[in-house]
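A structural walkthrough
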Amino acid sequence: MKDYSVWRLLEEGMRGHQGWPRAWREPAPRPAYDIVIIGGGGHGLASAYYLARVHGLTDVAVIEKGPIGLGNVGRNTTIVRSNYLYPENNRFYEKSLQLWEGLEQDLNFNVMMSQRGVLNLFHSDSQRDAFARRGNSMRLNGIDAELLDREGVRAMAPVLDFDNARFPIHGGLLQRRGGTARHDAVAWGFARAASGRGVDIIQHCEVTGIRREGGRVTGVETTRGFIGARKVGIAVAGHTSQVAAMAGLSLPVESHLLQAFVSEAVKPLLDCVVTFGAGHFYISQSDKGGLVFGGNLDGYNSYAQRGTLPVAEEVMAEGIAVVPALSRLRVLRQWAGIMDMTPDGSPLICKTPVEGLFLNGGWCYGGFKAIPGSGWCFAHTLATGEPHELNAAFTLDRFRNGRALDEKGAGPAWWAQ
Amino acid sequence: MHQIDCPWCGVRDEAEFKYRGDATVTRPAAGAGADAFHDYVHTRANPKGWHAEWWHHTGGCRQLVKVLRNTLTHEIRQTARAAEPLAAPSPETTPT
Amino acid sequence: MSQPHRLATGGRIDRSRILLFRFDGRNLQGHPGDTLASALIANGVRLVGRSFKYHRPRGIFTAGPEEPSALVELRSDARREPNVPATVAELFDGLEAASQNRWPSLAWDVGAINARFARFLPAGFYYKTFMWPAAFWERVYEPIIRRAAGLGRAARQRDPDAYEHMHAHCDVLVVGSGAAGLAAARAAGSAGARVILAEQDFELGGGLLSEPAHDDWRKAQLAALREMPEVRILPRTTVLGYYDHNVLGAAERVSDHLPAPPPHGVRQRFWTIRAKQVVLATGAIERLIAFPDNDRPGVMLASAARTYARRFAVAAGRRAVLFTNNDEAYQTAFTLAESGIGIERIVDSRETSAAVEEARRRGFEVLPASEVSGIIGGKSVEAALVRSRHGGAARTVVADLVCVSGGWSPALHLASQTPAKPVWNEKLACFVPGTPVQAERSAGAARGVFGIGEAARDGHEAGRAAAAAAGLEGGATIALPTEVPPAATAIEACWEVKADGEGKSFVDLQHDVTAGDIRLAHREGYSHVEHAKRYTTHGMATDQGKTGGLVGAAVLAAARGEAIERVGVPTFRPYVTPVTIGAIAGRETGRHLKPVRRSPLHAWHVRNGAVLLETGLWLRPLYYPRTGEAGWTPILREARAVRQAVGLCDVSTLGKIDVQGPDAGPFLDRLYTNTFSTLPAGRARYGVMLREDGMVLDDGTTSRLGEQHYLVTTTTAKAAEVLEHMEFHAQTVWPGLDVQLCSVTDQWAQMAVAGPRARQTLQAAVGGRDLSNAALPFMGVAEGVIAGAPVRIFRVSFSGELAYEVATPAGYAEHVWEAILAAGRAFGIVPYGLEAMGLLRIEKGHVAGPEINGQTTARDLGLHRMLKKTGDYIGRVNAGRPGLMDPSRPSLVGIRALTDDFDKRLRGGAHVVSAPEDRHSLGWVTSVTRSVELDRWIGLAMLEGGIDRRGQRLYAVFPLKDEVVEVEITSPHHVDPENARVRA
C-alpha cells in the first residue's frame, strides 16, 4: 500500500491520477479463516483493522452483504464525543476518542476528525445539576469537560436563540475535544488500512446461516458458499436480531428508525456541535457548509430506512428554536438509519452463549463515535476470547443481573432510550 | 406517515398515537420466576416483517390498539381492540 | 437599450409593466411573468455565479428547479436567502439578488485560483492529504476549507416571516400540470373525485407554456377545472416527499413572489396531503452531455433555450449551436430560428435520423455523427469546437450559445420514494418508474410517454383510472390536443465527449465533478454507484444531480464495463427539491415550540410579582420577591415563614388521576409497591410505583374518596407517563379488573397550607368544620367549603410541617386562594414558590425528581419498607435482580457542609470523594439548598455505603469549577427526623 500524502498527490497530479491503486482489495472468499466478521460497516471494518494491527491476526475476513460502509456509518450525523455519565461508558468512549485523535495518521487516511467541540445546552437548574454530575464524572475520569454559563454559550455559538426561546438557554456542558468526522471516510479508511494489512474484505456476500457443531461455531453459510471460521463476530448494526437468530439467540434489541437531515451548503454559521436540552435536537455544520441535524427516533420498530413527516416537523421546529437562522435555509436531503436499540441505551460487545460467536451491536444512536473504540475492544475480545476491561460491562447478561447502564434513566422502552 | 385505523375512532394519523411496543409478550404469572420476568421486560423477537404491537391512542380515545404492521414496508394489515385477537401474523415477509 | 435580449414579440410576460430589480448592485428591468433568470438573460447578463470547488464562472443552465449553476442570494438583511436558483425566483418589483461564493467580485474571484491547481484537486483529494502535522487540521487546514466551502450566506437575524401547516384529504392528487397532469385532473374531476392539482411553477401548464399552439387547450382545461368545486388547484406548490400510506408533503410558496408577505400573511405553507390515489405527472428533465467545458456561461439545456424564447421571449444568445443525440431537441433549433436566433450548426451524435433530414430540408446546417469537443471562452461562450465522431480535427464554430440535449429522464423522484425501484428502458435510454407499491401511477413524460398529445392521452387514462380506484367510475370524455408526431428516430445514448489533457467534462456542474473523477473513483475501488457518489460528491449538491446524475452513472457503467441498469442510480430520498426549513417547522417553533401550561392561579402569581420559570411545559412561580429583595433573600424569607408561621403554595401542577370502579383497590395494589385496598375511605397514603424493571417510576399520595373511588396524585413531571402506565396495565395486562381512569389534573386547583399556624389558618377559612387531630388526623381526607366553594382537604405534608393540601374545582382557584390568604393574614401567612418548596423538602429529606431519575430503586432511596412482602406488583420480580440488591449501590443520605460560610458552595451534581484529590467517586449530590434551620448548605446525595456512612467526613468535589467542600454525611432528614411536626 503506497502512502497517501501531499507529495504523492502532486506526483499523481502530473500524470493524470492514473497511478492510484484500489483503496481496498476485492478478493474472492477463501474456504476458511481464523476469524470471520459479519458486517462491513464501521464497527466490523475497525475490528478487522485492530485485529491485524494490535493482535497481528490477518487470517480475517469481513463479510458484507452489499457494498461496505452504507449502513449506519454512512447515514448518521457524524458526531464524536465521550461525554458520558457512567464510568463504564465514559472510559470506553474516551478510549475511542483518543483513537480518533490519531486516526488520520494511524490509517493514513484523512477522516477529517475535527475537534471543534460538543456543547450540550441546559435549560433549567435541575438539568444543570444533572449535566454537572456528568461533567464532574468525566473530569474525575480524566476527560475534558467545561460548564459554561449563558454568556459562555453565546461566545461559543452566537447564532443560538438567546432572546425568544420557549426554553431559555441557561448554559451548557462543553467537551472541547468532541467534534465531527467525515463519516464515509471512516469506513473507507479502515477498509483500506485493514486490507493493506492482509484482511480480506468481501463485498456482496450475504450471510444466510451460522453453522455450529456441538455448541460451537464452525463458520458461516453465505450467498457465495460456506466459509469456515474458528471464531465469528457479528457487527451488523440494525440487523443484529436477524443475524443472531441464525445462531438461535434472542436478544434484548429492537430496531428503530432515526432520521437525519442536511441543509444546503452555506458559509460558516456554526462552529461546534450543539445539542438542545429541552427536546431532542443536535446540529453541526460540515466542512462543506451543510448543516447536519437530527432528532428523536421515529419511535416504532422499523427496518424501512425512511422516516416520516411528524418527526421531520418536530426536528425542524426544534432546530429553528435553537438556531433561528435555520428558518430561511432549505433542507436538502433526509435519510434514516436503523438503530439497534437496547433497553438501557448502552451497547453490547461480548461473548454469546454460543462458543466462538461474539457480538458487537446495540449501539442505539451512538455508534458512530464508538467505531475506533468498539473495533479496538471487539478485536481484543475476538483475539483473546475474553472482553477487555473497557468493554467488560457491555454484556448481554447485564439485564438479567440488574446491571444495566441506563444513562438517561428512561428504562427498558427501546423507543424511549 | 402511518394511518392507523383505530377500532374506536376510525383512521387517524400516527401522530395521535404513542407506540407501546411488542404486543406478543405477556406479563408472566406472579410466581413465574426471574427468567420469565427478565424475558418479559427485555427479550424481543424484533422481526423484520409482520409485527403485532401496541399503539396507545393518547391523542384520541386513550385506548390501547393492537396493530399488525410490517416493520419493513410499514404496511398495516389489521388493527384490533385490546381484548380482540389478531389474525396470526403471516410468516411471509417482503424481501429486502 | 434596456433588455437588449428581449425578443420583440411573443412570450407570456406582461410587457405593459416594467419591474425594476438589482443584481450585484446593477439596476435592471424585467416584466411580470419573468423569472430572475429570464430577466437576467433579457438584460444580457451571462455570468451569474461561481462553482463550488474550482470557482469556475457559471451562467444559467436550465429554466427550472433543476438548475445547478445560477444560484443567488435573494433579498437582503433578515430576509436574505442563499442558494436560490434564479430559474425559479419569480421576478417582483424591487427584487434584490447577489451572486455568491466569490470574492472580491463575481468577475474577479480570487477563489478561481483553485481552477489552476485543479489537476492536484481530483475527487477525494482531501482524503489523501492535510494529515500532517496532525495538529494543523483544526488550526490551519480546516478553517480555510470551511471559509472556502459553502455557497451563499445565511441571514443572521430572526426570520421575520411566518409559515403555516395545512392538512388535506383528497381522492386523487395530481402532481404536475403539464398536458398529462391537466388531462388527469380533468378526467378525475369529471368523475366526481375530490382532486388536488399541485404545480411547482407559478403558471399552470408545464411544457405547454412553451407551446403557443396548445395554449387554447391549456386554457380550456384550466377553465373547466376551476368550475369544479371539488378540484383544488395549487400553483407554486412543490410536492416534495412521498411517505408511507399515501401521505405526501408539499410546500406552497404563498408569498415568495412578493417583496414581503402581506400583513398577517404567511410566506410559505406546508401541506400534508392524504390521498386515496396519486397521479404523478411530473414530466421529464433534459440531461446534459459531459463534453469539455460544458459548464461555460452560454452552454444551456436545449429545452431551456426554447423555454426562454417561447415563454419568456428572451434570446439566450444570438448565434447558437445545438448538440443533441435525439430528435426532440431539433424543436429547439426550429424555435430559436423562428425567434431570430442564428443556428450556426446542429451537431448530432447519431449517424442519421429523420430529424436530420427535416432540418436540412428547412435549410439548417447539420453535422451528423459529430460532437462538441470543447468551448472557447471563459466567462462566456465565444465558440464551440466541433468534430466528427469518426476522428479528424475539430473546427471552430463561432457562437455565444451552445444548446445541449442528452435526452430526457422522467422525473421519477416521487415514484422512487414510494419506494418503487426504477426500471431501465433501453429504447428511451432512461429509467422509468417501477411497479407501484403505493396507490399511485405515473403519467405522461414522467413515465416516458413523450409528446403533448400522447402525454395528454396517458394523463387522461391515469386520471380516470385513479378516480375509479378511489371508487369513482365514469366521467366526461374530454377533447385532447392533437399533435402529428414527427417521424422520430430513436435516441442513441451519448453521455460523454472525453476531454483531452486537462479539459473538464462535467457530470455535476455545481459540485465540479467531472467524468474523469467518476473514473478515478472506479479505479480506486469506489465502483458501487453509492460509493462513487459519496467519493466524488456527484449528485449531492442543491440540484441533486437532476441534469447530470444519470450521465455520471453512465460514465461509471462504462468504466465498469457493465450495463447501466446493473449500475443503477443512487437512491432518491426526500426532498425532491430543497425545502425551506421554516415551512416544515410551521408555526410551532421559537416561543411557540411547545404550549405553555399555566396553573389556574397563574394570573394571581403574575399580579403579585412572582418570578416565573419554565418547568417542563408549566410556568410556575419560583418566589414572590418584595421590593429590594434579591438572590436567596425572598426564598429564605418564604421558607422561614413556613417553618415559623404559615405559607401558601400553588401545587396545582401535581398530576391527579381519578380511579374508580369495583376493582380500583386491587388495581392500585398491583400498581404500587404498597397496599391501597386496605386504606379506609377518608384516608390518604403515600405510595411508590416501580417500572417493570424495578426502578422507581414515581411517588405521591393516593386518597380513598369512596368505596370504589381513589384519587392518585403524581409528580408534576410524570403525570402523563403515569397515566399511560396505568392505562396500559389496566387495558392490556389486567383487562379483567373493572377500573376506570381519568386525568383530573386540569380540573382541580390545589394549594398547600403549611406551617405551625396552618391549622389555625385553615380553620379560619373553612369555618365550622373541625380540623382538630381527632377530626382530621395526619393523612386524613375531608370535604369542606371555603368562602362558598367546595374543597377537598388532604392532611399531607411535603414541607415537613403541619400542613394541608386544599383542592377546589379550577374555576374557584383564586377565590379559595384569596380566602385562605385572608384567613391566614392574622397568622403571618405568605405565599411561597417553587424554590422555598424545594428548600423545605430537602431539609425534610423527601425525594423528588433529582432522586427519582429513573436510575434508582426503592431500596436506593431508603423506601424499602414500602415494598410489600406478599402479593404481586409491577417491578417486584426485577427489583430483586442481584445487581439491584448489591449493597455497594449508592443510596440516599443527607449531606451537610461543615462550614457555615455560604460562599463555600455545595452544588447539585458534585461528586463525593474520600479525599480532596481522590478520583474515585463514591456518589453524587442530587439536591442542595441553603438551610434555614441549620444555617448552612445542606443536600441529599446518593452514596456508596449509604446511611452506614452517617457521621463520616467526606468531600463534595466539583471539578468543573475546581471546588471542594468538606461535608458530613447525615440522615436525609435534616429536620424533624421523628416526624412529629406533621402530626402536631
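These numbers were taken from a predicted model, which means no experiment stands behind them.

Further remarks concern the confidence of the model for chain B. Taken over all residues, the pLDDT of chain B has a mean of 92, while the share at 70 or more is 91%. Interface confidence in the predicted complex, given as ipTM, is 0.97; pTM for the same model is 0.96.

Next up on the list: helix 10 (residues 367-384) of chain A. A bend of about 45 degrees at G373(A) is the largest found in helix 10 of chain A. Among the 18 residues that make up helix 10 of chain A, 16 are buried, leaving the element largely enclosed by the rest of the structure.

Another aspect to go through is the interface of chain C and chain A. Contact with chain C, which involves 116 residues of that partner, is made by 114 residues of chain A. Of the roughly 9900 Å² buried at the junction of chain C and chain A (both faces included), carbon and sulfur atoms supply 54%. When the area that chain C buries against chain A is broken down by residue, the three leading residues are R146(C), I581(C) and L960(C), summing to 9%. In this assembly, chain C and chain A are joined by 12 salt bridges. Between R534(C) and D184(A) there is a salt bridge whose closest N-O contact spans 2.7 Å. Where chain C touches chain A, the interface holds 66 residue pairs in polar contact (both at pLDDT 80 or more). Top element by residues in the side of chain C that touches chain A is helix 3 (residues 136-148) of chain C. It accounts for 7 residues.

Moving on, we get to the pairing of strand 19 (residues 370-376) of chain C. All names here are of chain C. Among the 7 residues in strand 19, 6 count as buried, and that is most of the element. Bridge count between strand 19 and strand 20 (residues 383-388): 6 bridges; the pairing is antiparallel. Within strand 20, the residue paired with E371 across the bridge is R387. Adjacent in sequence and paired antiparallel, strand 19 and strand 20 are bridged by 6 residues, among which G377 carries a positive phi angle near 120 degrees.

For the rest of this paragraph, the subject is the nonpolar core. As a rule of thumb, soluble globular proteins bury nonpolar side chains together. Ranked by size, the top nonpolar core spans 170 residues in total, and within it W100(A), F190(A), L36(C), L40(C) and F291(C) carry the most contacts. Those residues in contact with L40(C) that lie beyond four places of it in its chain are F21(C), F23(C), L28(C), V45(C), V48(C), I60(C) and A86(C). Core analysis: the second largest hydrophobic core is formed by 49 residues, V159(A), V315(A), M316(A) and M1(B) among them.

Now for the packing of helix 11 (residues 515-523) of chain C against helix 12 (residues 529-536) of chain C. All names here are of chain C. As a packed pair, helix 11 and helix 12 sit with axes 9 Å apart at the nearest point and diverge in direction by 120 degrees. Classified by the angle between their axes, helix 11 and helix 12 sit oblique to one another. Taken as a pair, helix 11 and helix 12 cross one another with a handedness that is right-handed. Residues D517, I518 and A521 of helix 11 form the contact with helix 12, whose participating residues are A532, Y535 and T536. The residue inventory of the contact of helix 11 with helix 12, partitioned by class, reads 4 nonpolar, 1 polar and 1 charged.

Further remarks concern a negative patch on the surface. Residues and elements named next belong to chain C. A cluster of like negative charges, contributed by D900, D901, D903 and D935, occupies part of the molecular surface. With respect to the helices, strands and loops of the structure, D935 is situated in the loop between strand 46 (923-930) and strand 47 (937-943). For D935, a relative accessible area of 42% gives the class partly exposed.

Summarising the element assignment, S799(C) is placed in the loop between strand 41 (789-794) and strand 42 (803-809). Here the side chain of S799(C) touches E801(C) through a polar contact of 3.2 Å, landing on its backbone nitrogen.

So, about the pattern of salt bridges. Residues and elements named next belong to chain C. In the structure shown here, the tally under the stated rule is 104 salt bridges over all chains. When the shortest N-O distance is used, the salt bridge between R50 and D109 registers 3.8 Å. A residue pair is termed long-range when its members are at least 10 positions apart, and R50 in strand 3 (residues 49-50) and D109 in the loop between strand 7 (95-99) and helix 2 (113-116) qualify at 59 residues. Residue classification places D109 among the buried positions, given a relative accessible area of 9%. Salt-bridge contacts for D872 lead to R876; the nearest nitrogen and oxygen are separated by 3.3 Å.

Let us now look at the interface of chain A and chain B. Interface size, as often reported, equals the accessible area lost upon joining of the parts. Across the contact, 27 residues belong to chain A and 25 residues belong to chain B. Together chain A and chain B conceal approximately 2100 Å² of surface at their shared face, both sides included; 55% is due to carbon and sulfur atoms. Seen at the junction of chain A and chain B, the total is 2 salt bridges. E254(A) serves as the salt-bridge partner of R44(B), at 3.8 Å between the closest nitrogen and oxygen. Taken together, the links from chain A to chain B amount to 16 residue pairs in polar contact (both at pLDDT 80 or more).

Moving on, we get to a nonpolar patch on the surface. Residue and element names in this part refer to chain A. Taken together, the side chains of V6, W7 and L10 define a hydrophobic patch exposed on the protein surface, amounting to about 310 Å² of accessible area. Its place among the elements puts W7 in helix 1 (residues 6-13). When its relative accessible area of 64% is taken as the criterion, W7 is described as exposed.

Moving on, we come to helix 22 (residues 834-844) of chain C. Residues and elements named next belong to chain C. Of all 11 residues that make up helix 22, 9 are buried, and the element is covered over most of its length. Those residues of helix 22 that sit buried are L834, A836, M837, L839, L840, R841, I842, E843 and K844. For helix 22, the elements touching its buried residues are strand 31 (611-615), strand 32 (618-623), helix 17 (633-644), strand 33 (647-650), strand 46 and strand 47. G845 lies just past helix 22 and shows a positive phi near 85 degrees.

The next thing to look at is the domain arrangement of chain A. Residues and elements named next belong to chain A. For chain A, the domain assignment lists domain 1 (6-78 + 183-252 + 344-416) and domain 2 (113-178 + 254-341). The distance between the C-alpha centroids of domain 1 and domain 2 comes to 28 Å. Across the boundary between the two partners, domain 1 contributes 19 residues, which contact 23 residues of domain 2. The contact between domain 1 and domain 2 buries some 1800 Å² in all, and 56% of this surface belongs to carbon and sulfur atoms. Three residues stand out in domain 1 for area buried against domain 2, namely R75, Y365 and W414, and they jointly supply 36% of the buried area on that side.

Before going further, it helps to spend a moment on empty space enclosed by the protein. Residues and elements named next belong to chain C. Considering all chains together, one arrives at 8 cavities of 30 Å³ or more under this definition. Estimates place the volume of the largest cavity at around 540 Å³. If you trace the largest cavity, you find 35 residues lining it, with Q544, G545, G549, P570 and F572 closest to the centre. Secondary structure elements with two or more residues in the lining of the largest cavity: strand 23 (408-410), helix 12 and helix 13 (549-560). If you tally residues by element for the lining of the largest cavity, the top one is helix 13, at 6 residues. Residues of the lining of the largest cavity, tallied by class, amount to 18 nonpolar, 12 polar and 5 charged. Of the pockets and cavities examined, the second largest cavity occupies roughly 90 Å³. Of the residues that constitute the lining of the second largest cavity, the class distribution is 5 nonpolar, 5 polar and 2 charged.

So, how was this worked out
- Residues numbered from 1 in each chain as written.
- Chains lettered and ligands numbered in written order.
- Predicted model: local features only at pLDDT ≥ 70, side-chain atom pairs only at ≥ 80, totals over all residues.
- Heavy atoms only, no water.
- pLDDT = per-residue confidence, 0-100.
- Bend = angle between axes of the 7 residues up to and from the residue.
- Helix = DSSP H or I, 4+ residues; strand = E, 2+ residues; numbered from the N terminus.
- Buried < 20%, exposed > 50% of the residue type's maximum accessible area, 1.4 Å probe, protein only.
- Contact = heavy atoms within 4.5 Å.
- Buried area = accessible area lost by both parts, 1.4 Å probe.
- Salt bridge = Lys/Arg side-chain N within 4 Å of Asp/Glu carboxyl O.
- Polar contact = N/O pair within 3.5 Å; in protein donor to acceptor, adjacent residues only side chain to side chain.
- Pairing = 2+ DSSP bridges.
- Core = buried A, V, L, I, M, F, W, Y, C linked by side-chain atoms within 4.5 Å.
- Axes fitted to C-alpha atoms, helices over the stretch in contact; angles between N-to-C directions.
- Parallel < 35°, antiparallel > 145°, perpendicular 65-115°, else oblique.
- Left-handed = near helix turned anticlockwise from the far one by under 90°.
- Nonpolar A, V, L, I, M, F, W, Y, C, P; charged D, E, K, R; others polar.
- Patch = residues over 30% accessible without salt bridge, like charges linked within 9 Å, V, L, I, M, F, W, Y side chains within 5 Å.
- Areas by Shrake-Rupley, 256 points an atom, 1.4 Å probe, with all protein chains shown as cover.
- Lys, Arg positive; Asp, Glu negative; His and termini not counted.
- Charge placed at Lys NZ, Arg CZ, Asp CG, Glu CD.
- Domains from an automatic or database assignment.
- 1 Å grid on protein atoms, 1.4 Å probe; cavity = no way out; pocket = protein on both sides within 12 Å on 5 of 7 lines; lining within 4 Å.
- Points joined across faces, edges and corners; volume = space filled by probe spheres on them.

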